[in-house]
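As a plain string of letters, each chain reads:
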Amino acid sequence: MTTRAELRASTRRPRRLLRGVLSALVILLWLAGASFGGPLFGKIDEVSSNDRAAYLPESAPATTVQNALDDFLGSDSIPAVVVFESDAEIDDALLDRLSTALEDAMAAEGVRDEASPVLVSEDGLAAQAFVPIDSGADVGDVSAALSSGLREAVPDGVTVHITGPAGFTADLIAGFAGIDGILLLVALLAVLLILVIVYRSLLLPVIVLSTSLFALCVALLVVWWAAKFEFLLLSGQTQGILFILVIGAATDYSLLLVARFREELRSTQDRWQAVRAAWKGSVEPILASGGTVIAGLLCLLLSELKSNSTLGPVAAIGIVFAMLSALTLLPALLGVFGRAAFWPRRPRFEPQQVSEENPLEGRGLWQRLARGIRRRPRLSWISTAVVLAIAAVGVLQLDARGVPQSDLVLGASEARDGQEVLGEHFPGGSGSPVYVLVDESRMQDAADVLLADDGVDGVSVTASDSPSGSAPVTEDGVTAFGPPGTPAAEPTVVDGNVLLQGTLTDAADSPAAEQTVVDLRAELDGIGAAVGGVTATAVDTNTASIHDRNLIIPVILVVILIILMLLLRSILAPVLLILTTVLSFGTAMGVAAVLFNGVFAFPGADPAVPLFGFVFLVALGIDYNIFLMTRVREESQKHGTREGVLRGLAVTGGVITSAGLVLAATFAALSVIPILFLVQIAFIVAFGVLLDTFVVRSLLVPALSYDIGRAIWWPSKLARRTAERSAPAPDGMPR
């Protein structure tokens, strides 16, 4: 006769076999996805663009002008400004050699077959020429080949620089070149090192890191094809953030599930039951955390700037696969390896000890901190909040009005050097003119406005019958090209419009040049002219960024608040969590502003820096409060709110701290890319995450929640319990 134990054993074997087969299938599916996505790491530049004009809203004046440029200039090209600087005055013989060198260099692949004549400066010590580069070519490689060819051809005593729009684009491409290699390598090594220290294991860090890497590969597969079919715009900036976000988020979610799995292994011998219990205990906070981040990111769709609005869905896709990998691939791997994943520190099966164990007893850091909060909760949270508020005052020093294009790339820059040489010998805005699109009948009126402005050095109009493609304009109209009596040039007319070009007195990316554009727009408003060009693009970008910041930040707060209310079944707790996170963000920005100005001597910040910092810090920082408060709520239902707060802190302290270190390390890795925007975001988010992890979530939130007691759950049923089950209220505090 079959015993009950034998019957249970006979039914377990097929179930284990089925679970093993399903786990193997899940692993194979992820492996297949990663095998298709992995090779795309080296091909992202095929579907990405770093042209700032491509991300402007359609309604921006600079966009209107940009869309019309091809019709007037006759080709889809990016102008490169070649600057020659000579130790001696440039005579006719040297000018001929420079012209010949330029003509020979034009044979480089990707360079258009026509360039402007070489123009010598008034002081005779410099010369410049405009070379059109095919926008469909690799601008970085073409610029490098052009520069190399010219340097070899010019005589001693002459230096060559490639600057202008093509030069600065090449600098950006070179700055982002390390994203596929060094950024990913640094981030993965940092995460691996932290995981080895946390787990003191050899296999488990590899399992967790594989989960993150597979999520990134599959996310990249989806994003790459979406960009290929032009459903999404992808830039180097977006690409870098996607890499870091997926690795950091997937690792954080994995840490949470692994911690629950380790807990369950101490209570049950069956590894599959432990996986199931860990999954059930982790799925709600992981989904809530990921959902919060996704909701915050999708709020960027409200942005006028395409660089912001496209980051939202791209990053959201990454978070989706980070959650999926943590909830499918990781459980499958843990089920296959079981306790062996933790070797050589395998969790022991000790249910008796677990049942008698009190997480508040012991000499560990989190146990001592919990007991300290129990003794002085009000002093703890008030003193912490005051210190954070004082540090947040530094945000008043933040200069986020935009930075010159020449300062976007940190370190050496040929384009920046060339811009400085150009400014010494020519009008500062040479090579990056301001374009004015105006009705043919109002051309002279628009030209007069330009000529009357001190910020404009000269004006010309696009003319197809001109050797240089343009003709100068004076107060008397279009001038002749040759000797007196030569017929005046006929301006190119497209759809009844002409294109004026104004050479700016100041460098095109300077505040003075931007003010000139603002003034010109005000004066040309009555004429119906649209002002565009490099400087106008920067002005419109900054304006749109400020609009986005003021609109999106409040929307994100409301969306996250609603999600927290649904998750915690409370109103008061979510409001307090949002307030503490905003305080943490203010502190991070305040400290960053002081360091940016006083230590790093940055030239300022892009208006999008506070917005991106807010999105990542609030959306990601709230994760740790979600991890903490979902566990606190679980413990509160068993032990009462105050005891639940302390138990939740003690139990989650280690895993949340590890998660915070991982996320901070991954974002800090962004600083290896020499792009000012990414370096600033790297510092703000890394510092802010550490602040959330070690101060806000560890001290401020638990102490405040303990002080308030069960009322923290108002108006849910948990707030209406007649008495706390344990943990007496501090002296003088009402229940």
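Nothing here was measured: the structure is a model prediction, and the numbers come from that model.

## A look at the packing of aromatic side chains
This model, assessed by the stated rule, comprises 15 aromatic pairs. Seen in terms of ring centroids, Phe41 and Phe243 are 5.4 Å apart; in terms of plane orientation they differ by 65°. Their pairing is edge-to-face. Taken together, the positions of Phe41 in the loop between helix 1 (4–37) and helix 2 (61–73) and Phe243 in helix 8 (residues 236–265) put the pair 202 residues apart, joining distant regions of the chain. One exposure class covers both Phe41 and Phe243, and it is buried. Seen from their ring centres, Phe585 and Phe614 are 5.1 Å apart, and the 90° between their planes marks the pair as edge-to-face. Taken together, the residues span a long stretch of sequence, with Phe585 in helix 19 (residues 572–598) and Phe614 in helix 20 (residues 608–639) at a distance of 29 residues. Classification of Phe614 by relative accessible area gives buried; the value is 2%. Aromatic ring contacts, followed pair by pair, group Phe596, Phe600, Phe602, Phe683 and Phe687 into a single cluster. One cation-aromatic arrangement involves Arg642 over Tyr706; the distance from NZ or CZ to the ring centre is 5.7 Å.

## Considering the pairing of strand 5 (residues 434–439)
A large share of strand 5 lies buried, amounting to five of its six residues. Pairing analysis gives six bridges linking strand 5 to strand 9 (residues 497–504), with the strands arranged antiparallel. The residue of strand 9 that forms the bridge with Val438 is Val498. In this structure, strand 5 lies alongside strand 10 (residues 530–533), joined through four bridges in antiparallel fashion. When the bridges of strand 10 are listed, Leu437 appears paired with Ala530.

## Some points on the confidence of the model for the chain
As a note on interpretation, predicted positions should not be read in detail where pLDDT is low. In the predicted model, the chain carries a mean pLDDT of 83, and the fraction of residues at 70 or more is 89%. When mean pLDDT is compared element by element in the chain, helix 14 (residues 377–392) scores highest at 93, while helix 12 (residues 351–356) scores lowest at 66. Counted against residues more than four places away or in other chains, residues 480–485, with its pLDDT under 50, gives nine contacts. Confidence drops under a pLDDT of 50 for residues 731–735, and excluding neighbours within four residues, the segment shows eleven contacts in the predicted structure.

## Quick notes on the nonpolar core
Tyr253, Leu297, Leu334, Phe612, Phe616 and Phe667 are the most contacted members of the largest nonpolar core, which has 158 residues in total. The dominant element in this core, judged by the number of residues it contributes, is helix 20, at 18 residues. The residues contacting Tyr253, other than those within four sequence positions of it, are Ile286, Ser289, Gly290, Val293, Ile319, Ala322, Met323, Ala326, Asp623 and Phe627. Leu56, Val449, Val517 and Ile527 belong to the second largest nonpolar core, which has 30 residues in total.

## Re the packing of helix 21 (residues 641–668) against helix 22 (residues 676–708)
Closest axis-to-axis distance for the helix 21/helix 22 pair is 8 Å, and the angle between their directions is 175°. It follows that helix 21 is roughly antiparallel to helix 22 by the angle criterion. Partitioned by chemical class, the residues of the contact of helix 21 with helix 22 number 18 nonpolar, six polar and three charged.

## Description of the side chain of Asp509
By secondary structure assignment, the location of Asp509 is in the loop between strand 9 and helix 17 (511–524). The buried charged residue Asp509 lacks any salt bridge, with Arg416 as its nearest oppositely charged partner at 7.5 Å. In this structure Asp509 touches Pro404, Gln405, Ser406 and Glu514, once residues within four positions along its chain are discounted.

## Points about the packing of helix 8 against helix 21
Two numbers describe how helix 8 lies on helix 21: the axes approach to 9 Å, and their chain directions differ by 160°. As far as their axial angle goes, helix 21 and helix 8 are roughly antiparallel. In this structure, helix 8 crosses over helix 21, and the sense of that crossing is right-handed. Seen from helix 8, the contacting residues are Ile244, Leu245, Ile247, Gly248, Ala249, Thr251, Asp252, Leu255, Leu256, Ala259 and Glu263; seen from helix 21, they are Val651, Val655, Ser658, Ala659, Val662, Leu663, Thr666 and Phe667.

## Examining a nonpolar patch on the surface
Taken together, the side chains of Leu22, Leu25 and Leu29 present a nonpolar region at the surface, about 300 Å² in accessible area. Mapped onto the elements, Leu29 comes out in helix 1. According to the relative accessible area criterion, Leu29 is exposed, its value standing at 57%.

## What about the environment of Val679?
Within the secondary structure, Val679 sits in helix 22. Given the relative accessible area of 15%, Val679 is considered buried. In this structure the C-alpha to C-alpha distance between Val679 and Ala668, which are eleven residues apart in sequence, comes to 8.1 Å. Non-local contacts of Val679, meaning those with residues more than four positions away in its chain, are made with Leu410, Phe602, Ser671 and Ile673.

## So, helix 11 (residues 311–337)
In this model helix 11 runs 37 Å from its N-terminal to its C-terminal C-alpha over 27 residues, within 8% of the 39 Å that 1.5 Å per residue would give. In terms of burial, helix 11 is largely enclosed, as 21 of its 27 residues are buried. Just downstream of helix 11 lies Gly338, where phi reads positive at about 60°.

## Observations regarding a negative patch on the surface
Judged by side-chain charge, Glu89, Asp91, Asp92, Asp96, Glu122, Asp123 and Asp457 come together as a negatively charged surface patch. In this fold, Glu89 is placed in the loop between strand 1 (77–86) and helix 3 (92–105).

## Notes on unusual backbone geometry
Of the consecutive residues Trp343 and Pro344, the connecting peptide bond is found in the cis state with omega at 10°. Relative to the helices and strands, Pro344 resides in the loop between helix 11 and helix 12. With an omega of 5°, the peptide bond running from Trp714 to Pro715 counts as cis. The residue Pro715 is located in the segment after helix 22 in this model. You will see that Ala601, though not glycine, has its phi angle at about 55°, which is positive. Mapped onto the secondary structure, Ala601 falls in the loop between helix 19 and helix 20. The exposure class of Ala601 is exposed, given its relative accessible area of 58%.

Definitions and cut-offs
- Residues numbered from 1 in each chain as written.
- Predicted model: local features only at pLDDT ≥ 70, side-chain atom pairs only at ≥ 80, totals over all residues.
- Heavy atoms only, no water.
- Phe/Tyr/Trp six-rings, centres within 6.5 Å; stacked < 30°, edge-to-face > 60°.
- Helix = DSSP H or I, 4+ residues; strand = E, 2+ residues; numbered from the N terminus.
- Buried < 20%, exposed > 50% of the residue type's maximum accessible area, 1.4 Å probe, protein only.
- Lys NZ or Arg CZ within 6 Å of the ring centre and 35° of its normal.
- Pairing = 2+ DSSP bridges.
- pLDDT = per-residue confidence, 0-100.
- Contact = heavy atoms within 4.5 Å.
- Core = buried A, V, L, I, M, F, W, Y, C linked by side-chain atoms within 4.5 Å.
- Axes fitted to C-alpha atoms, helices over the stretch in contact; angles between N-to-C directions.
- Parallel < 35°, antiparallel > 145°, perpendicular 65-115°, else oblique.
- Nonpolar A, V, L, I, M, F, W, Y, C, P; charged D, E, K, R; others polar.
- Lys, Arg positive; Asp, Glu negative; His and termini not counted.
- Salt bridge = Lys/Arg side-chain N within 4 Å of Asp/Glu carboxyl O.
- Left-handed = near helix turned anticlockwise from the far one by under 90°.
- Patch = residues over 30% accessible without salt bridge, like charges linked within 9 Å, V, L, I, M, F, W, Y side chains within 5 Å.
- Areas by Shrake-Rupley, 256 points an atom, 1.4 Å probe, with all protein chains shown as cover.
- Expected span 1.5 Å × (residues − 1).
- Charge placed at Lys NZ, Arg CZ, Asp CG, Glu CD.

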